[in-house]
Amino acid sequence: MMESELVRVTAFTLMMAAIATLVMLPPGVALAWLLARRRFLGRDILETLVSLPLVIPPVATGLILLKVLGRRGPLGSLLEHTGVDIVFTWKAVVLAMAVMGLPLLVRSARAGFERVDPRYEQIAATLGAGPWRVFLTISLPLAGRGLLAGVLLGFSRALGEFGATIMIAGALPGTRTLSVAIYRNAEIGQDAAAMTLLAAAVTIGFAAVSLSNRLGAST
Amino acid sequence: MFSARYGLLAAGLGALAMWGGACQNTEPRLDTKPATVLVSAAISLADVFGAVADVYERESGTRVLLNLAGSNLLVNQLIAGAPIDVIISADVRQMDRVEAAGRIRGGGRMNLLSNQLVVVVPVDRVGTVTTVDDLASPEVGRIALGDPDAVPAGVYARDYLESIGLWSVLRDKVVPTRNVRAALAAVEAGTVAAGFVYRTDAAMATNVVRAFEVPIDTGPFIVYPAAVVSAAPNATEAIRLFEFLRGSEARRLFEEAGFIALQPAVSETSGLFTTSSK
Amino acid sequence: MELHQRIEARTVALYGPSGAGKTTTLDAIAGLRRPASGEIRIGTHVLFASDVGVDLPVHTRRVGYVPQDVALFPHLNVRRNIMYGTGRRDETSSTTVLELLEIGGLLSRRINGLSGGERQRVALARALLSDPELLLLDEPMAALDLGLRDRILPYLERVRDEIGTRMIYVSHIKGEVRRIADWVVVLDGGRVVRSGPPNNVLPGT
């Protein structure tokens, strides 16, 4: 009985984290590039906004998301009209994970882009490559390592996400991630179950860190 | 096994108690520092107990420190070693856990209050639910209640729904919350279509409307047991407060808030501890 | 800095000490720096005109650039580097350039294994194969020793003579300038000091 919950919750968590990583990639890379390469009005504000989930408590981020997406929130009422359900579903899990992982992705990716000598991008332009081509063939590959590190960080953060998740996804049977399941089992006194899930979480964390180290070492 | 988890919280509470104790030790004159008593109370008692504590503080000069949470969490904390003096849970099951752990002072347990379950809906959805069967309607979305595996309010709700054969139908719609106030908050915010709360909670809330009441005679019997914790740090204060709670003043406050007092009205405090009866 | 020149020549040299503004001029022509005001034109092709608000983006200017630091793309091999600017063009032009610069055998090599001379030739090929209207060369010999310089210069002459691309060649070495250029603009402190055929303008013989 416990084994099937363990497998289900672990698989669910991994899948949600993977989807969340995919979701955070386009905006994350775009923001990283923008912040690395462009000067514009409001740039500091954007920078701060992106870093916000890192410095305020995750539950606070979750609360903000809940207010925005809840039935009475600005986005929520719109979603209700179109019949799209986010709060308390798996989509909320993905959203919470993506929002919390994004700042880490942006930071790493931005450092990656900043390490790319602008000279290469300039020369590529003189050779006739438009901005998109320069980005895809020069900036992105050369920022590769920083980008990859960012993706791994974002994914790891998504895996362990708890505070925001529990606010907008709750602890429903269909939305329990590994961290939420550990918490819930602990709360209701199911110690053995909590420990088993804990072991799974530690194992995954271990694997993620050693993979990240291995990739970082091959510089 | 519990202590690893609740170590931090227990340490926090322990630090609080020790700090209080340290203050006592450094004070040169004993009569200038107030006595304290630490009470863990089920979260549905939040508002009424605040009022009760105020009255008690004024009359006795003892400071009441209130620790509010879902009863299951309160019991976890207590068993993990938190320095609680008096505990009031929202169901018998949780108090039995305390008793099984040997943490109740001899003779110091009583059934203090009862309550009633109601179903509330957000104020802008008034009329969507009038009977319990309406909950099964496809127009009614999610239903919030305390986690039915551990939170008393949730257990009561599930017991009730099981007794009328609606649990299996509704369980997919259930949003389990940490405690009954969280369920109430979800209904207030409109993120769920309905929620099971105590009528005392519904009375305090804005933005919600009572859809229907779970009948007291056919519904679950809700009991709030209260107990003095064995080896309580402030044992004398604990016993005094305990007696106050079954007195007429406290009773009046509880009833005004909508609770049902279970202890017989006594004009004299023939305390549980002063008589030799069991 | 200020520069007003109207030149009709095939190979122009910008000559002067470091800090005179030579690289800045090249950057402006390529579109990598924007002048405060003025006009930049190649024949009738206007690249920049501040009074009418024309400022062609870099990738549309068809100006080939071989910078001082060469800047070969480190993550691509030689073939990919030189083919970067070609788009869908016929193979014949590339064969000519490859033969001319004798880099046919280097195609599958990685960038970081190349010698200084090889890098220069690859960078030159890369710029040429993008079919530019104008080729900008910033101190192409600066990083090379004397012997190597003597060996590279003929390649440049070949490009000038057999391919015929217009060039602007930046250098502070008189001998090279004399050999390569038909017109010299002497810069100092951000201003044009002299301008004319090499023999008229360069000091010494």
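Use the structure listed above.
Cut-offs and rules
- Starting afresh in each chain, residues are numbered from 1 along the sequence in its written order.
- For this description, chains carry letters from A and ligands carry numbers from 1, given in the order in which they are written.
- Per-residue local features of the predicted model are confined to residues with pLDDT of at least 70, and side-chain atom pairs are confined, for both listing and counting, to 80 or more; whole-chain, interface and lining totals are unaffected and use all residues.
- Counting from the N terminus, the helices are DSSP H or I runs at least four residues long and the strands are E runs at least two residues long.
- For the exposure call, what matters is how many other C-beta atoms sit within 10 Å of a residue's own: 20 or more marks it buried, 12 or fewer exposed, and in between partly exposed, using C-beta atoms placed from the backbone.
- Two residues form a contact once the distance between their C-beta atoms, set from the backbone, is within 7 Å.
- In this classification, Asp, Glu, Lys and Arg are treated as charged, Ala, Val, Leu, Ile, Met, Phe, Trp, Tyr, Cys and Pro as nonpolar, and every other residue, Gly included, as polar.
- Here, strands pair whenever DSSP counts at least two bridges between them.
- For this entry, the nonpolar core is defined as buried Ala, Val, Leu, Ile, Met, Phe, Trp, Tyr and Cys residues connected by C-beta atoms within 7 Å.
- Where each domain begins and ends follows an automated or database-derived domain assignment.

## Some details on the overall build of chain A
Link 1 in the chain: Counting its regular elements, chain A contains eleven helices and zero strands.
Link 2 in the chain: Taken from N to C terminus, the helices and strands of chain A fall in the order α-α-α-α-α-α-α-α-α-α-α.
Link 3 in the chain: Once the C-alpha set of chain A is aligned to its principal axes, its extents read approximately 65 × 45 × 30 Å.
Link 4 in the chain: Looking at chain A residue by residue over its 219 residues, the buried ones come to 47%.
Link 5 in the chain: Of the contacts made within chain A by residues no fewer than 6 positions apart, 75% connect residues no fewer than 24 positions apart.

## Side note on the interface of chain A and chain C
Link 1 in the chain: At the interface, 14 residues of chain A touch 17 residues of chain C.
Link 2 in the chain: The element contributing the most residues to the side of chain A that touches chain C is helix H6 (residues 118-126) of chain A, with seven residues.
Link 3 in the chain: Classifying every residue of the side of chain A that touches chain C gives nine nonpolar, four polar and one charged.

## Quick look at the arrangement of the chains
Link 1 in the chain: Considering every one of the two pairs of chains in contact, the largest contact total is recorded for chains A and C.
Link 2 in the chain: Separated in space, chain B and chain C share no contact, their closest pair of C-alpha atoms being 50 Å apart.

## Describing the pairing of strand S2 (residues 39-42) of chain C
Within a regular strand, the side chains alternate between the two sheet faces.
Link 1 in the chain: Both S2 of chain C and strand S3 (residues 45-49) of chain C contribute to a ladder of four bridges, which runs antiparallel. Bridged to Arg-41 of chain C within S3 of chain C is Val-46 of chain C.

## Observations concerning the interface of chain B and chain A
Link 1 in the chain: Opposite the 14 residues of chain B that make contact, chain A presents 13 residues.
Link 2 in the chain: Elements with a minimum of two residues in the side of chain B that touches chain A: helix H3 (71-79) and strand S7 (174-177) of chain B.
Link 3 in the chain: The element that contributes the greatest number of residues to the side of chain B that touches chain A is H3 of chain B, accounting for three residues.
Link 4 in the chain: For the side of chain B that touches chain A, the residue count by class is six nonpolar, four polar and four charged.

## What about the nonpolar core?
Link 1 in the chain: Counting 200 residues, the largest nonpolar core has Ala-96 and Ile-168 of chain A, Val-86 and Ala-194 of chain B together with Leu-136 of chain C as the members making the most contacts within it.
Link 2 in the chain: Here this core takes 15 residues from helix H5 (residues 90-114) of chain A, the largest share from any one element.
Link 3 in the chain: Both domains that furnish three or more residues to this core are identified here as domain 1 (2-113 + 224-261) and domain 2 (117-213) of chain B.
Link 4 in the chain: With near-sequence residues (within four places) excluded, Val-86 of chain B lies in contact with Val-37, Val-39, Ala-226, Val-228, Val-229, Ala-238, Leu-241 and Phe-242 of chain B.

## Description of unusual backbone geometry
Residues and elements named next belong to chain C.
Link 1 in the chain: Even without glycine at this site, Ala-71 takes up a positive phi of about 55°.
Link 2 in the chain: Residue position: Ala-71 is located in the loop between strand S5 (63-66) and helix H2 (78-82).
Link 3 in the chain: Judged by the 21 C-beta atoms lying within 10 Å of it, Ala-71 is buried.
Link 4 in the chain: Despite not being glycine, Glu-102 has its phi angle at roughly 55°, a positive value.

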